[in-house]
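# Tertiary structure, described
Letter by letter, the chains look like this.
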Amino acid sequence: MSMWASRQGAGSAAINRRTLLAGIAATGALALGGCATIGQTSYTEAVRRLLTLATQRAFAQLTRPDGFWDSTVARVELPVLFGKPGKVASVVLKSPAFREKLQHSLNRFAEDGARRAAPVAADALRSLTFTDALALLRGGGTGATTYFRQAMGPGLVNAMIPALGDAMQVANDPVLNQAISLLAGVNMADAAHALALNVDNAIWYQIGEAEADIRRDPQSTNDPLLIAALKVF
């Protein structure tokens, strides 16, 4: 074999290797529907989009009139502050009819808390980092919501307490006022704090349900990256 032929063979081999590597790279680039490359960056973006859409859907539900009250997962129970029906001293607070009116009033106040919580959650999500986005995608269910809630800690509660307190003071709701007057040593600020804890739980339940719904039907998002990422799992 001549030196020229040897060099030509080596050159062809190099070209073939470059062609093969280019093909592998192209395959990876198309693996998520042509939207992003396979890897941590695309997985992270998919989780962020999943949580963004889930929170948007959840808050859209919760901030509409009777949004908490009508929700299958987020209706707020009476805070323990108001006691158990059989254990409170007041006859009024033992009344099922009165307690239902009070619960309905508090669920309406919860909407004010959700309106305050929504931008706080959105800001936190924009800066949220994911240590293992792939595991969150694989986890299914409400795994991403659980991660987000743990990262936020009491952030939503702290934001909602003053908003709920202001809403209660301005509304001057007769049912709530009567309930508080029947509890020794309890004021409106205490009620706002107790309600904020319950509303926090309700918000995360609603976000979790929205996440699970999206996982069950990725096509409803019309987001090619999200659809492709969730189809893998």
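A brief structural summary. (Residues numbered from 1 in each chain as written. Predicted model: local features only at pLDDT ≥ 70, side-chain atom pairs only at ≥ 80, totals over all residues. Heavy atoms only, no water.)

### Some words on the overall build of the chain
In terms of helices and strands, the chain carries ten helices and zero strands. Its helices and strands taken in sequence order, the chain reads α-α-α-α-α-α-α-α-α-α from the N to the C terminus. Counting over 233 residues, the chain shows a buried share of 43%. Long-range pairs, those at least 24 residues apart, make up 78% of the contacts in the chain with a sequence separation of at least 6. For the chain, the exposed surface amounts to about 12200 Å²; the carbon and sulfur share of it is 57%. (Helix = DSSP H or I, 4+ residues; strand = E, 2+ residues; numbered from the N terminus. Buried < 20%, exposed > 50% of the residue type's maximum accessible area, 1.4 Å probe, protein only. Contact = heavy atoms within 4.5 Å. Areas by Shrake-Rupley, 256 points an atom, 1.4 Å probe, with all protein chains shown as cover.)

### Comments concerning the packing of helix α4 (residues 96-126) against helix α8 (residues 174-181)
Where α4 contacts α8, the axes come no closer than 9 Å and their chain directions differ by 115°. Remark: the crossing between α4 and α8 carries left-handed chirality. Side by side, α4 and α8 meet where F98, K101, L102, S105, L106 and F109 of the first sit next to V175, L176, Q178 and A179 of the second. Grouping the constituent residues of the contact of α4 with α8 by class yields seven nonpolar, two polar and one charged. (Axes fitted to C-alpha atoms, helices over the stretch in contact; angles between N-to-C directions. Left-handed = near helix turned anticlockwise from the far one by under 90°. Nonpolar A, V, L, I, M, F, W, Y, C, P; charged D, E, K, R; others polar.)

### Focus on the pattern of salt bridges
Enumeration over the complete set of coordinates arrives at eight salt bridges. Note that R49 is salt-bridged to E45, the shortest N-O span being 2.8 Å. With a gap of four residues between them, R49 and E45 both fall in helix α2 (residues 40-62), about one helical turn apart. By relative accessible area, which is 31% here, R49 ends up partly exposed. (Salt bridge = Lys/Arg side-chain N within 4 Å of Asp/Glu carboxyl O.)

### Here's the deal with the environment of Y43
Residue position: Y43 is located in helix α2. When its relative accessible area of 16% is taken as the criterion, Y43 is described as buried. Between the C-alpha atom of Y43 and that of L136, which follows or precedes it by 93 residues, the distance is 9.0 Å.

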